[in-house]
Amino acid sequence: MIKFFVNSQNHSHLRGLSEEFGESTNAIRKELNNLTNAGILVKHSAKNKIEYQANVRHPFYTNIRDIIRKHLGLDMLLEQILERIGEVEQVILTGDIARGSDTGTIDVLVSGENLNHEYLNHLAKRLEDLIDRKVIFTLAPGRISSGGLVLFDRQAGI
C-alpha cells in the first residue's frame, strides 16, 4: 500500500514488485488482484507489461493516503517543520520514500528564506525518535522545481 499511496504517481508491475519486496510473483499477483478487484488499484498495459497504480477516483483514496502518510509520520514531520523553522516556501519528499519504498530513511528538501538550521538539526533527532525512521534534511534557498512528492507549497496553496 505504501508503494502506491504515498505518491499517486507511483506505479509498478508484477515482477518489479516481486523483486522489490523479495516475495514470490504468485503472492504479489494475488494481492494485486484483490486490490484491483476492490477498485483500490487500477491496472493498464504499458510496453507489454501490466502496471498497477492507486485509483485516485476511489471513494476511500484520500483516507488510505492519509493513513499511509500518518503511518510513515509525514503528518508529524510537516507540522514540526512549519512550526518554527522560518519562512518555508516548500517541503518536498525525495529519495526512496517518494517512490513508495519505506527503507527507514526519509529525505526531505526544505526551501525558503531565513531557515533555522539549528532547529532543523534538533528536529531531525526528535523526529527520528517519534517516527522511528532516519530523517535527512536538505535546505535550499528559493523555490525548487525538481521532482519529488510535494507536502507543502506556499505559492500553490498546498
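Before any of the text, the structure's been laid out above.
Everything numeric here is computed off the predicted structure, so don't read it as measured data.

Engineer: So what exactly am I meant to see when it comes to a positive patch on the surface here?
Structural biologist: Residues R15, R29, K47 and K49 make up a contiguous surface patch of positive charge. Topologically, R15 is positioned in helix 2 (residues 14-21). Overall, the relative accessible area of 60% leaves R15 in the exposed class.

Engineer: So what exactly am I meant to see when it comes to the pattern of salt bridges here?
Structural biologist: Think of it this way: side chains of opposite charge can pair up when their charged atoms draw near. Counted under the stated rule, the structure contains eight salt bridges. The shortest N-O distance in the salt bridge between D75 and K70 comes to 3.3 Å. The residue R143 makes a salt bridge to E89 at a minimum N-O spacing of 3.0 Å. Taken as a pair, R143 in the loop between strand 6 (134-140) and strand 7 (149-153) and E89 in strand 4 (residues 87-94) lie far apart in primary sequence, 54 residues in all.

Engineer: Where do I start with the sheet that holds strand 1 (residues 11-13) in this structure?
Structural biologist: Pairing between the strands of a sheet is mediated by backbone hydrogen bonds and can be parallel or antiparallel. Pairing is antiparallel across the open sheet formed by three strands, whose spatial order is 1-3-2. Each edge of the sheet is formed by a strand with only one pairing partner; in this case those strands are strand 1 and strand 2 (41-46). Mean inter-strand twist for the sheet, computed between neighbouring axes without regard to direction, equals 35°. As defined by bridge partners, strand 2 adjoins strand 3 (residues 49-54) across six bridges and the pair is classed as antiparallel.

Conventions adopted
- Residues numbered from 1 in each chain as written.
- Predicted model: local features only at pLDDT ≥ 70, side-chain atom pairs only at ≥ 80, totals over all residues.
- Heavy atoms only, no water.
- Patch = residues over 30% accessible without salt bridge, like charges linked within 9 Å, V, L, I, M, F, W, Y side chains within 5 Å.
- Areas by Shrake-Rupley, 256 points an atom, 1.4 Å probe, with all protein chains shown as cover.
- Salt bridge = Lys/Arg side-chain N within 4 Å of Asp/Glu carboxyl O.
- Lys, Arg positive; Asp, Glu negative; His and termini not counted.
- Charge placed at Lys NZ, Arg CZ, Asp CG, Glu CD.
- Helix = DSSP H or I, 4+ residues; strand = E, 2+ residues; numbered from the N terminus.
- Buried < 20%, exposed > 50% of the residue type's maximum accessible area, 1.4 Å probe, protein only.
- Pairing = 2+ DSSP bridges.
- Axes fitted to C-alpha atoms, helices over the stretch in contact; angles between N-to-C directions.

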